[in-house]
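Residue strings, one per chain:
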Amino acid sequence: MSSILLVTGSTRGDDSLSNKIARQLADDLSAKAAGSAVVERDLARDPLPHIGADFSSAIRLQPEDRTPAQAEAIAVSDGAVDELLAADTIIISTGFINFGISSIVKSWVDHVARSGRTFRYSENGPVGLATGKKAYLVIASGGIYSSGPGTTLDFAEPYLRSVLAFLGISDVETIRIEGVAYGPEAAEKAISAAEEKARELARAA
Ligand SMILES: Cc1cc2nc3c(=O)[nH]c(=O)nc-3n(C[C@H](O)[C@H](O)[C@H](O)COP(=O)(O)O)c2cc1C
């Protein structure tokens, strides 16, 4: 049975454009693959803690040498890693916040990028271990960053693509809902274009 992991990172609930398009994509992909399950990681509802001292020390220790607090920090991370590794398809959605991804999505990245679980170092450099997956990025922004002068300020899509490639996921598609701050007409156009692109990608999957 195929599994879709839907990671949502907007705190705007039903008003969120990235949540809306990501949810549509997840529904369309799961309708297409009969019997597929959607596992939802709603980071606004259940934010992962920032990685702290316990996490940073625990990743260098054997399980039996960890304090209860260190074991708990790793258990939280392991839960997120297990979900990622179990998924065939990953949808990551985020608002574009101060030129990058939302901090709750960054926290998720910090928990899933785990040496020995999702990547390892070899003599030839890092090797991604989360292979055989397809990822979709859904990014909503007030301005435009996919073309024009804004591209140099885009620290969201290139960052997410780099992290995913590091983990072994390089089959990545992006849906933008952009320019939504340029007035209601521009926002409507951006939403319709994103809905159409999500439908196209689901058809092509
Ligand atoms: C705190 C904050 C920072 C933002 N920073 C940017 C930004 O740097 N560039 C931009 O184009 N839009 C920015 N926006 C606008 C959001 O990207 C836009 O509202 C988007 O629709 C949010 O995603 P969502 O609808 O999924 O919540 C910001 C919004 C907030 C609340």
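Summary of the structure given here. Remember, it's a predicted structure, so these values are computed and weren't measured experimentally. Residue numbering note: each chain is counted from 1, following its sequence as written. Under the rules for a predicted model, residues below a pLDDT of 70 receive no local features and side-chain atom pairs below 80 are neither given nor counted, while totals for whole chains, interfaces and linings still include all residues. Heavy atoms from the whole structure form the basis of all side-chain values; hydrogens and water molecules are not counted.

### Some details on the site of the ligand
Okay, step 1: Close contacts around the ligand come from 16 residues, with Ser10, Arg12, Ser16, Ser18 and Gly143 the closest.
Okay, step 2: Each accessible area is a Shrake-Rupley estimate made with a 1.4 Å probe; only the visible protein chains count as cover when residues are assessed. A total of 630 Å² of accessible area belongs to the ligand in isolation, and the protein chains cover 70% of it.
Okay, step 3: Going along the chain from the N terminus, every DSSP run of H or I of four or more residues is numbered as a helix, and every run of E of two or more is numbered as a strand. Broken down by secondary-structure element, the contributors of at least two residues to the shell around the ligand are α1 (17–32) and β6 (134–141). Whether a residue is near a molecule or strand is decided by its heavy atoms; if any one of them lies within 4 Å of it, the residue is near.

### Overview of the packing of α1 against helix α6 (residues 184–204)
Okay, step 1: An axis is simply a line fitted to the C-alpha atoms; with a helix, the fit covers only the stretch in contact. Between two such axes, the angle follows the N-to-C directions and lies from 0 to 180 degrees. It is at 9 Å that the axes of α1 and α6 come closest, and there the two elements cross at 25°. Taken together, α1 and α6 sit at an angle that is classed as roughly parallel. Crossing of α1 over α6 shows right-handed handedness. In contact with Leu17, Lys20, Ile21, Gln24, Leu25, Asp28, Leu29 and Lys32 of α1, α6 contributes Ile191, Ala194, Glu195, Ala198, Arg199, Ala202, Arg203 and Ala204.
Okay, step 2: Residues are grouped as follows: nonpolar covers Ala, Val, Leu, Ile, Met, Phe, Trp, Tyr, Cys and Pro; charged covers Asp, Glu, Lys and Arg; every other residue, Gly included, is treated as polar. A breakdown of the residues in the contact of α1 with α6 according to their chemical character gives nine nonpolar, one polar and six charged. Just so you know how the angles are binned, under 35 degrees is roughly parallel, over 145 roughly antiparallel, 65 to 115 roughly perpendicular, and the rest oblique. Put simply, a crossing is left-handed when the front helix is turned counterclockwise from the back one by less than a right angle, and right-handed when it is turned clockwise. Throughout, a residue-residue contact means that at least one pair of heavy atoms, one from each residue, lies within 4.5 Å.

### A look at the sheet that holds strand β3 (residues 89–95)
Okay, step 1: Strand pairing is assigned whenever DSSP detects at least two bridges linking the two strands. Read from one edge of the open sheet, five strands run β2-β1-β3-β6-β7, paired in parallel fashion. The strands lining the two open edges of the sheet, one partner per strand, are β2 (37–42) and β7 (171–178). The sheet shows a mean angle of 15° between the axes of neighbouring strands, taken without regard to direction.
Okay, step 2: Across eight bridges, β6 lies against β7 in parallel orientation. Of the residues in β7, the one forming a bridge with Ser141 is Glu178.
Okay, step 3: Relative to β2, helix α3 (residues 68–86) is tilted by about 150°, and along the sheet it contacts β1 (3–8), β2 and β3.
Okay, step 4: Across the face of the sheet, α6 comes into contact with β6 and β7 while running at roughly 160° to β7.

### Some points on the environment of Gly143
Okay, step 1: By the element assignment, Gly143 lies in the loop between β6 and α5 (157–167).
Okay, step 2: Burial classes: relative accessible area under 20% of the type maximum marks a residue as buried, over 50% as exposed, and values in between as partly exposed (1.4 Å probe, protein chains only). For Gly143, a relative accessible area of 14% corresponds to the buried category.
Okay, step 3: With 36 residues separating them in the primary sequence, Gly143 and Gly179 have C-alpha atoms 4.3 Å apart.
Okay, step 4: If near-sequence neighbours (up to four positions away) are discounted, Gly143 is found in contact with Glu178, Gly179 and Tyr182.

That is the geometry; function is a separate question.
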